[in-house]
Amino acid sequence: MTFRLFDAPQAEPSRFVGFAGNIIDRQSEKREDDSAEKALADPSSRLMLMGSGRILLKAGDDAGASSYFGVQEARALGADLANAVLLGTAPDGPVLAAPVATDEAGLPQTVKAMEYRPVYMQGLIDATALGSLAQGASLLAWHANHRFCGKCGQPTEMRAGGYKRLCTACRTEHFPRTDPVAIMLSVQRDRCVLGRGRHFAPGVYSALAGFIEPGETIEAAVRRETLEEAGIRLGRVVYHASQPWPFPYSLMIGCFGEALNDEIEADLAELEDCRWFDRAEVLSMLERTHPTLMVPPHGSIAHHLIRAWAEAAPPA
Ligand SMILES: [Zn+2]
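Residues numbered from 1 in each chain as written. Predicted model: local features only at pLDDT ≥ 70, side-chain atom pairs only at ≥ 80, totals over all residues. Heavy atoms only, no water.

### Examining the coordination of the zinc ion
- For the zinc ion, the full set of protein donor atoms is Cys-149 (SG), Cys-152 (SG), Cys-167 (SG) and Cys-170 (SG), and the range of their distances to it is 2.3 to 2.4 Å.
- When the donors of the zinc ion are listed by position in the chain, the intervening gaps give C-x2-C-x14-C-x2-C.
- Classification of Cys-152 as partly exposed rests on a relative accessible area of 36%. (Donors = N, O, S within 2.8 Å, 3.2 Å for Na, K, Ca; no water. Buried < 20%, exposed > 50% of the residue type's maximum accessible area, 1.4 Å probe, protein only.)

Here it is, written out as structure tokens:
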């Protein structure tokens, strides 16, 4: 068999998922301990302000909201600029993210606090801003959850513009983490396996998913999760696309798996239901013409996995 290294299509599927549009130049090799401070002194800098799973949006002059604030505006809104992180440089200047209190009572009428999920699902900000939101929200959540050294228990301090925390007691450096999650569509001829989590919106069925564990390959995690959740053994597993997922700092890794057995044994502790869907039914769920059922919304990687399979030419 010939080894074809670049067999994938040129337009890589990850480009089309929500949270993938970040164009910030991270300049990761130039991060200095005072780089956030320096950026805050630059009048062209803009900030995203976030807290408690919500982001502040400013009413725009025309249609559409803006998720960026100037340094003075951020200060006036009570943003915690001492804990601002530098995301990098966009074409029009540095971009930072800073923690802020997001309770509506203290906000001016032109500013609204929105949870990340509706911002993403309703397309309230453009794709590049949504990509920056994923970067900023993930990083700020990591800081909020890692204020103390995991080794000696002493408080840690931010360094490298927010890309590191240092324990000044034992000198251990702590770096931002990204948690890999496998999300997979198991397919067999002209049908695929979809499941319903207990917390899903009414009528929604999706691809199965689970955290990748230490010491596990992506493929092994895909096989293990599919067997655990659906009782389906997988043969070949192929990678399709990935999606940054700021809830709080995951990377969704989307794969297809080749189902080897017919019988589904759903793990009903995790899933409310799990069954086979044929291609025609899945297409109607994608197009929202199905009378009762649907798949997750367009920006989600689950939607892209399901659509890529459903719209591919059926096997001869
Ligand atoms: Zn320590």
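### Looking at helix α6 (residues 279–286)
- Restricting attention to buried positions, one finds in α6 the residues Arg-279, Val-282, Ser-284, Met-285 and Leu-286.
- Looking at the buried positions of α6, the neighbouring elements they touch are β11 (191–197), β15 (271–278) and α7 (301–310). (Helix = DSSP H or I, 4+ residues; strand = E, 2+ residues; numbered from the N terminus. Contact = heavy atoms within 4.5 Å.)

### Re the sheet that holds strand β8 (residues 164–167)
- Here we have three strands laid out as an open sheet, ordered β7-β8-β9, and antiparallel in their pairing. Of all the strands in the sheet, just β7 (156–159) and β9 (173–174) have a single pairing partner and so form its edges.
- Of the strand pairs in this sheet, β7 and β8 are connected by four bridges, and their pairing is antiparallel. Paired with Arg-159 across the strands is Lys-164, a residue of β8. (Pairing = 2+ DSSP bridges.)

### A short note on the packing of α6 against α7
- Their axes nearest at 10 Å, the elements α6 and α7 cross at an angle of 135 degrees. Relative to α7, the element α6 is oriented oblique. At the point where α6 passes α7, the crossing takes the left-handed sense. Of the residues in α7, those touching α6 at Arg-279, Val-282, Leu-283 and Leu-286 are His-303, Ile-306, Arg-307, Trp-309 and Ala-310. (Axes fitted to C-alpha atoms, helices over the stretch in contact; angles between N-to-C directions. Parallel < 35°, antiparallel > 145°, perpendicular 65-115°, else oblique. Left-handed = near helix turned anticlockwise from the far one by under 90°.)

### Points about the nonpolar core
- The biggest cluster of nonpolar side chains holds 55 residues, and the ones touching the most others in it are Leu-133, Leu-185, Leu-194 and Val-282.
- Considering each element in turn, this core owes the most residues, nine residues, to helix α4 (residues 127–145). (Core = buried A, V, L, I, M, F, W, Y, C linked by side-chain atoms within 4.5 Å.)

### A look at the environment of Asn-83
- Its place among the elements puts Asn-83 in the loop between α2 (71–76) and β4 (85–90).
- When its relative accessible area of 33% is taken as the criterion, Asn-83 is described as partly exposed.
- Distance in space between the C-alpha atoms of Asn-83 and His-143 is 8.9 Å, their sequence separation being 60 residues.
- If sequence neighbours within four positions are ignored, Asn-83 has contacts with Ala-97, Pro-99, Leu-140 and Met-158.

### Some points on unusual backbone geometry
- Here the bond from Phe-247 into Pro-248 is cis, since omega is -5 degrees, no more than 30 degrees from zero.
- Within the secondary structure, Pro-248 sits in the loop between β13 (234–245) and β14 (250–259).
- Notably, Phe-19 is not glycine yet its phi reads approximately 75 degrees, a positive angle.
- Position of Phe-19 relative to the elements: it lies in the segment before α1 (35–40).
- A relative accessible area of 2% means that Phe-19 is categorised as buried.
- Phi is positive for Arg-189, which is not a glycine, with a value near 45 degrees.
- Mapped onto the fold, Arg-189 is located in the loop between β10 (179–188) and β11.
- You can call Arg-189 exposed: its relative accessible area is 60%.

### What about the packing of aromatic side chains?
- In this structure the tally under the stated criterion is seven aromatic pairs.
- Taking the centre distance of 5.9 Å and the plane angle of 80 degrees together, the rings of Phe-19 and Trp-245 count as edge-to-face. Note that Phe-19 is positioned in the segment before α1 and Trp-245 in strand β13, a separation of 226 residues in sequence. Neither Phe-19 nor Trp-245 differs from the other in exposure class; each is buried.
- Three or more aromatic residues joined by ring pairs form one cluster here, namely Phe-19, Tyr-116, Tyr-120, Trp-245 and Phe-247.
- Sitting over the face of the ring of Phe-247, Arg-117 holds its NZ or CZ atom 4.3 Å from the ring centroid. (Phe/Tyr/Trp six-rings, centres within 6.5 Å; stacked < 30°, edge-to-face > 60°. Lys NZ or Arg CZ within 6 Å of the ring centre and 35° of its normal.)

### Looking at the pattern of salt bridges
- Inspection of every chain in the model, using the stated rule, returns 17 salt bridges.
- The closest approach of N and O atoms between Arg-224 and Glu-228, which form a salt bridge, is 3.4 Å. Residue Arg-224 and its partner Glu-228 are located together in helix α5 (residues 218–230), separated by four residues, close to a single helical turn.
- A relative accessible area of 18% means that Arg-224 is categorised as buried.
- On the basis of relative accessibility, which here comes to 45%, the residue Glu-228 falls in the partly exposed class.
- As a salt-bridge pair, Arg-275 and Glu-281 come within 3.2 Å of each other at their nearest N and O atoms.
- Relative accessible area serves as the criterion here: at 27%, Arg-275 is assigned to the partly exposed category. (Salt bridge = Lys/Arg side-chain N within 4 Å of Asp/Glu carboxyl O.)

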